[in-house]
Structures are given as structure tokens and as C-alpha cells.
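Residue-level listing of the chains:
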Amino acid sequence: MTETTLYPPGWSVQRFQVVGSTMDIARDLADHDAPDRTVVRADIQTGGRGRFGRQWVSEAGNLYMTLLLREDRPLADCAQLSFAAALALYDAIGLPDVTLKWPNDVLIGGKKTAGILLEAGGPSAAPWILIGMGVNVAHHPQDAPYPVTHVAQEAYPHGADTLCRSVLEGIDHWRGIWHKQGATSIHAAWLDKAHGRGQDIRVRLTSKEIVGRFETLDADGALVVLDKAGTRHRISAGDVFFA
């Protein structure tokens, strides 16, 4: 399979050997009118990052890419694309022990194997959205502060190229469902695959920590946690830890 036939129809992919960050390149492309379904992919990133600016180790052999999507709908609605991206990764990996961790991680056997990062800009009524993805395919960091793994270690039978194509196909699928059926449908699908639903979790916020049962998502995709006092907490950003 050649580079030009590697990706699904309709996707325009720019692939690099080494970049600082695929997010930075994709943001520049977005500002210069690059079309919907543009992908920036790199074999190595020297400045990869996750949520809150945390470093994302990006050595050769894994999958690092940022997708540029354009939407004709309010910017506030487009955060739901993070759930579409998580579902696309879930389907693409396709292993029995894959689960999804709120807000943006993919786990195998409870160990992190992929992360998703969203950024957006442009006109509020017709924004561009960047979906950054880092997937541990051939290896994983050895010094992470939480359990990690990579898909080859978990018996995924293909390499990063095949996984990339499957993810892009999955984005087309789940984005289409979001367009036609709304956020409720992708929330329901995500919840079916959610790690720790119905269990006690800890959510670390900027100034406090909430402990309670992970109940559901609200209409905006926020996490709903019921504490022992019977108070429901709506959490739009935070770090989740499992008991």
C-alpha cells in the first residue's frame, strides 16, 4: 500500500518524519484555510503534549496525528467530537479489554494506551476543530506515573499505518452519527464502553477533590458524580482516578 492509497477517500494527509508538534502545524493550516478532513501525521514529535500542556512522549513506532475538521455549527457543540474520536479509537483497536476513560483517554486492561486533545478556533458559528491523537502502538513510556501499555503488547495484530486508516474511517462514521442523531447517541455509545461507570472514582479539580460514584454524562458531555452525601456534581474538566 502506497502513502497515497493508505488513507480513506476524502482525507488529505501531510506526513512528516520529525516535527515539534502535529497540533502546531495543524493550527497553522487551519488559520490558512486548509480544508475539512486534513491530517497532520508525524513519525516522531519533539514537543508533543497532552492536556494542560503535559508532555506526551513521542518516539518512533507509535501513531501521532492531528485531524483538522470544519463544522457549520456552534463552537460550543463541537466539544462532542472528543467522544466521536474516542469511539473511533475504540473501534480501530478492537481488542476485548478496551475501555474509554473520561474525558479523553483510551485504556486496555485499565492501562492507558491513547490520549486525545481538542483545540478549536475560527468563527464561532463555523469553527475549525483540531483533534490530536497519540496512540502507543509499538511501545509505551517506562516512567509514566500511571499504568500504561501499547497495542502491540496487547496482541493488536497491525502497525501504525493500519491503525491510522481505521481511526479515520471511524471518525467518518461517528462524526456522521453525531451530525444525524446528535450528541445523545454518541454519549450513549461512549457510556457503554466507559471505564468505571457505576463505581467510586476520585476527580481531582484545580482546588479540590470529589469522591463519588460515576453515574453518567450530562447533555453537554460533562461527568456526573454522586457523592456519599447524595449531592450530584457536574464536572466539565478534571483528572479521574479509580479506586
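Above this note sits the structure.
Parameters at a glance
Residues numbered from 1 in each chain as written. Predicted model: local features only at pLDDT ≥ 70, side-chain atom pairs only at ≥ 80, totals over all residues. Heavy atoms only, no water. Salt bridge = Lys/Arg side-chain N within 4 Å of Asp/Glu carboxyl O. Helix = DSSP H or I, 4+ residues; strand = E, 2+ residues; numbered from the N terminus. Buried < 20%, exposed > 50% of the residue type's maximum accessible area, 1.4 Å probe, protein only. Phe/Tyr/Trp six-rings, centres within 6.5 Å; stacked < 30°, edge-to-face > 60°. Expected span 1.5 Å × (residues − 1).

Participant: Sorry, what's going on with the pattern of salt bridges here?
Facilitator: Oppositely charged side chains are able to pair whenever their charged atoms sit close together. Under the definition given, this model contains 17 salt bridges. Its salt-bridge partner being Asp-43, residue Arg-15 comes within 3.0 Å of it at the nearest N-O pair. Linking Arg-15 in strand S1 (residues 12–19) with Asp-43 in strand S2 (residues 38–45), this pair joins segments that are 28 residues apart in sequence. In this structure Asp-43 comes out as partly exposed when scored by relative accessible area, which is 27%. Salt-bridge contacts for Asp-218 lead to Arg-234; the nearest nitrogen and oxygen are separated by 2.4 Å. Here Asp-218, found in the loop between strand S9 (209–217) and strand S10 (223–226), pairs with Arg-234, found in strand S11 (residues 232–235); they are 16 residues apart in sequence, far enough to count as distant. Residue classification places Asp-218 among the buried residues on the basis of a relative accessible area of 17%. Ionic contacts of the salt-bridge type, sharing partners, join the residues Arg-15, Arg-41, Asp-43 and Asp-161 into one network.

Participant: Looking at this structure, I do not really get the packing of aromatic side chains. What am I missing?
Facilitator: Here the distance between the centres and the angle between the planes together describe a pair of aromatic rings. Enumeration according to the criterion identifies one aromatic pair in this entry. Both rings, one in Phe-83 and one in Trp-190, keep their centres 5.6 Å apart while their planes meet at 85°; by these two values the pair is edge-to-face. Of this pair, Phe-83 sits in helix H2 (residues 81–93) while Trp-190 sits in helix H4 (residues 183–192), placing them 107 residues apart in sequence. The exposure class assigned to Phe-83 is buried, which follows from its relative accessible area of 4%.

Participant: Help me understand H2, please; the structure alone is not making it clear to me.
Facilitator: Three or four residues apart is the spacing at which side chains of an α-helix point the same way, because the helix has 3.6 residues per turn. Here H2 is 13 residues long and its end C-alpha atoms lie 18 Å apart, about the 18 Å a rise of 1.5 Å per residue gives. For H2, a buried count of eleven out of 13 residues is recorded, marking the element as mostly surrounded by other parts of the structure. Those residues of H2 lying buried are Leu-81, Ser-82, Phe-83, Ala-84, Ala-85, Ala-86, Leu-87, Ala-88, Leu-89, Ala-92 and Ile-93. Two residues or fewer after H2 comes Gly-94, characterised by a positive phi angle close to 65°.

On their own, these measurements won't tell you what the molecule is for.
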